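Residue-level structural notes
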Amino acid sequence: MTGVPASAAGGSPGAKGATGAPGASGAPGASGTPGGAKPARGGKLGAAAVNQASLWNIANILTMIRLVLVPGFVALMLADGGYDPAMRAWAWAAFAVAMITDIFDGHLARAYDLVTDFGKIADPIADKAIMGAALVCLSALDDLPWWVTFVILGREFGVTLLRFVVIRYGVIPASRGGKLKTLAQGTAVGMYILPLTGALATLRFWVMAVAVILTVVTGLDYVRQAIVLRRRGIAERRAAAAETER
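Residues numbered from 1 in each chain as written. Predicted model: local features only at pLDDT ≥ 70, side-chain atom pairs only at ≥ 80, totals over all residues. Heavy atoms only, no water.

1. Describing the overall build of the protein chain
Scanning the protein chain from N- to C-terminus turns up 7 helices and 0 strands. From first element to last, N terminus to C terminus, the protein chain shows the α and β order α-α-α-α-α-α-α. Relative to its 246 residues, the protein chain shows a buried fraction of 34%. (Helix = DSSP H or I, 4+ residues; strand = E, 2+ residues; numbered from the N terminus. Buried < 20%, exposed > 50% of the residue type's maximum accessible area, 1.4 Å probe, protein only.)

Following this line, the structure appears as structure tokens:
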């Protein structure tokens, strides 16, 4: 005796097969389904419910938290004219949480097979939303030159557009330089959010300089990869077409 209720074993107490055990050997019962269990009504609805539930996995929840943090971060950054040290410290905390969730949500999604269509769309949006909000707020408060904001955001949106343009030929993978760029950007922007003075203020200038350089260099590298990928894809298609004509 297994101690498993008959309803959990694939049938009702009265729906046993010829062996007398519910669902034994997966043999089809009178209904033609394994274990003699009758097809559940609303099977499509049940499958839809499972798919809907999968949306609420830990990776997607972290992405949603990052999206929710964006308006709160902006409110904290601009509170009292944007120069209240306490509010800036809270804004830094919100930004730090967003950056940390950015690290973990993608890792969890890949490691535990939690990748969903929602995550594929929402994750890059959340990444660019929090970084874009921080850069625009800093430039609006004259803490960061506007050209820096334009260079960083222009690169981010440009690379995203480039990925979509060449996706028919393949996927441009994330590079080590791109990951290092993200780390440098997050560190530099975080330092600018805090009301630092003296040596730390000088240090954040150089960290931002490194971030801008990495932003430009990795952006150009993505353009190179896109060109190579497109040429290779076109060559492969022509070769396949020529092979078909033979």
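2. Let's talk about the pattern of salt bridges
As enumerated under the stated definition, the model contains 5 salt bridges in all. In this structure, the salt-bridge partner of Asp127 is Arg66, at a minimum N-O distance of 2.6 Å. With Asp127 in helix 4 (residues 117–140) and Arg66 in helix 2 (residues 58–78), this residue pair connects regions lying 61 residues apart in the sequence. Measuring nitrogen to oxygen at the nearest pair gives 2.9 Å for the salt bridge that ties Asp143 to Arg88. Note that Asp143 is positioned in the loop between helix 4 and helix 5 (146–166) and Arg88 in helix 3 (residues 85–111), a separation of 55 residues in sequence. Sharing partners across several salt bridges, the network here consists of Arg155, Glu156 and Lys181. (Salt bridge = Lys/Arg side-chain N within 4 Å of Asp/Glu carboxyl O.)

3. Remarks on the packing of helix 5 against helix 7 (residues 199–245)
Packing of helix 5 against helix 7 brings their axes to within 10 Å, and their N-to-C directions diverge by 20°. Comparing the axis directions of helix 5 and helix 7 gives the class roughly parallel. The two elements helix 5 and helix 7 cross, and the hand of that crossing is left-handed. When helix 5 is examined against helix 7, the residues Trp147, Val148, Val151, Ile152, Arg155, Val159, Leu162, Arg163 and Val166 are found in contact with a partner set consisting of Met208, Val212, Thr215, Val216, Thr218, Gly219, Tyr222, Val223, Ala226 and Leu229. (Axes fitted to C-alpha atoms, helices over the stretch in contact; angles between N-to-C directions. Parallel < 35°, antiparallel > 145°, perpendicular 65-115°, else oblique. Left-handed = near helix turned anticlockwise from the far one by under 90°. Contact = heavy atoms within 4.5 Å.)

4. Details of the confidence of the model for the protein chain
Averaged over every residue, the pLDDT of the protein chain is 78; residues scoring 70 or more account for 75%. Taken as a whole, residues 1–53 scores under 50 in pLDDT and shows 32 contacts with residues more than four places along the chain or in a different chain. (pLDDT = per-residue confidence, 0-100.)

5. Digging into a nonpolar patch on the surface
Where nonpolar side chains cluster on the molecular surface, the patch consists of Trp56, Ile58, Ile61, Ile65 and Val97 and spans about 440 Å² of accessible area. Ranked by residue count, the leading element in the nonpolar patch is helix 2, at 3 residues. By secondary structure assignment, the location of Trp56 is in the loop between helix 1 (43–54) and helix 2. Among the residues examined, Trp56 registers a relative accessible area of 53% and is labelled exposed. (Patch = residues over 30% accessible without salt bridge, like charges linked within 9 Å, V, L, I, M, F, W, Y side chains within 5 Å. Areas by Shrake-Rupley, 256 points an atom, 1.4 Å probe, with all protein chains shown as cover.)

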